[in-house]
Amino acid sequence: GEYDITNFEVFGEEFSDAPSTTLTPSDSPTNLLEDHVGYVVRYAGEIRTVVRYPFQIDKTGEILDMTEGAEYTLCEVDEVEGWKAEYPNRMNFDLDGKCLGIRHGNPTVDIDPNFVSHADLHILDLSDPNATTIVPINVNQTYGGDLLLLTDANDTNCSSFPTPYDNDYRGADPANPDDTPSRFNPDKPVFAKFPDGSHGLYDSRL
């Protein structure tokens, strides 16, 4: 027989990353990326991103249910985007009492209008490179995934955005046993559109 290996992509002088770094073979396909298929992922009931592949357990390749209404409980997660991280599988779901890693890790923020309506989202327009100065921060920890806006945001939509300071719905945890959540119905998140057309998610922490 003959094998034909195609569709390698070159980023600069490097080849694109493999879809998974696991050393465990799998009976399930590893790369399930589909350009015309999107799964809307919500966190705390609000849109967080769109992924183009179903979630898979990293070590087995088992494909998780991605039909509307499917829910999973996070038991561990890196804030770093999975494709940028040294260990790209550190987003774990509690599945049958086991905390299992999910391939590709924490997904990149993607609010593709083909899958979600931007009319229903809070989006800060930072797409003009001449009016916007954005720099990466915490590069050693987040591999450039954290960005800081150094210029005023010239967007009339700002006045309609919710305050980020009333959305603490975490509640008690082992480190803060006396904590009580200030809200159980948090406001919608605020996204940003960058000059390259990509999107980010606002984080009030500095």
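Data block above holds the structure.
Residues numbered from 1 in each chain as written. Predicted model: local features only at pLDDT ≥ 70, side-chain atom pairs only at ≥ 80, totals over all residues. Heavy atoms only, no water.

**Digging into the overall build of the protein**
Here comes step 1: Per the secondary structure count, the protein includes 1 helix and 12 strands.
Here comes step 2: Reading the helices (α) and strands (β) of the protein from amino to carboxyl end gives β-β-β-β-β-β-β-β-β-α-β-β-β.
Here comes step 3: In the protein, buried positions account for 26% of the 206 residues.
Here comes step 4: Split by element, the accessible area of the protein, about 14,600 Å² in all, is 49% carbon and sulfur. (Helix = DSSP H or I, 4+ residues; strand = E, 2+ residues; numbered from the N terminus. Buried < 20%, exposed > 50% of the residue type's maximum accessible area, 1.4 Å probe, protein only. Areas by Shrake-Rupley, 256 points an atom, 1.4 Å probe, with all protein chains shown as cover.)

**A look at the pattern of salt bridges**
Here comes step 1: Under the counting rule described, the total for this entry stands at 4 salt bridges.
Here comes step 2: In this structure, Arg-52 and Asp-112 form a salt bridge, with 2.5 Å as the shortest nitrogen-oxygen distance. Placement of the pair is Arg-52 in the loop between β4 (46-51) and β5 (74-77) and Asp-112 in the loop between β7 (98-101) and β8 (122-125), with a sequence separation of 60 residues.
Here comes step 3: Residue classification places Asp-112 among the buried residues on the basis of a relative accessible area of 15%.
Here comes step 4: Ionic pairing is found between Asp-58 and Arg-103, a salt bridge with its closest N-O pair at 3.7 Å. With Asp-58 in the loop between β4 and β5 and Arg-103 in the loop between β7 and β8, this residue pair connects regions lying 45 residues apart in the sequence.
Here comes step 5: For Asp-58, a relative accessible area of 5% puts it in the buried group. (Salt bridge = Lys/Arg side-chain N within 4 Å of Asp/Glu carboxyl O.)

**So, the packing of aromatic side chains**
Here comes step 1: Summed over all chains, the structure comprises 2 aromatic pairs.
Here comes step 2: A centroid spacing of 5.4 Å and a plane angle of 85° characterise the contact between Phe-55 and Phe-93, whose relative ring orientation is edge-to-face. Of this pair, Phe-55 sits in the loop between β4 and β5 while Phe-93 sits in strand β6 (residues 91-95), and the two are 38 residues apart along the sequence. The same class applies to Phe-55 and to Phe-93, which are both buried.
Here comes step 3: Pairing Tyr-72 with Phe-93 gives two aromatic rings, centres 5.3 Å apart and planes at 5°, and the pair type is stacked. Linking Tyr-72 in the loop between β4 and β5 with Phe-93 in strand β6, this pair joins segments that are 21 residues apart in sequence. (Phe/Tyr/Trp six-rings, centres within 6.5 Å; stacked < 30°, edge-to-face > 60°.)

**Regarding the sheet that holds β8**
Here comes step 1: Here we have 3 strands laid out as an open sheet, ordered β8-β11-β12, and mixed in their pairing. Each edge of the sheet is formed by a strand with only one pairing partner; in this case those strands are β8 and β12 (199-201). Ignoring which end each strand starts from, the neighbouring axes of this sheet average 30° apart.
Here comes step 2: Here β8 pairs with strand β11 (residues 190-193) via 4 bridges, running parallel. (Pairing = 2+ DSSP bridges. Axes fitted to C-alpha atoms, helices over the stretch in contact; angles between N-to-C directions.)

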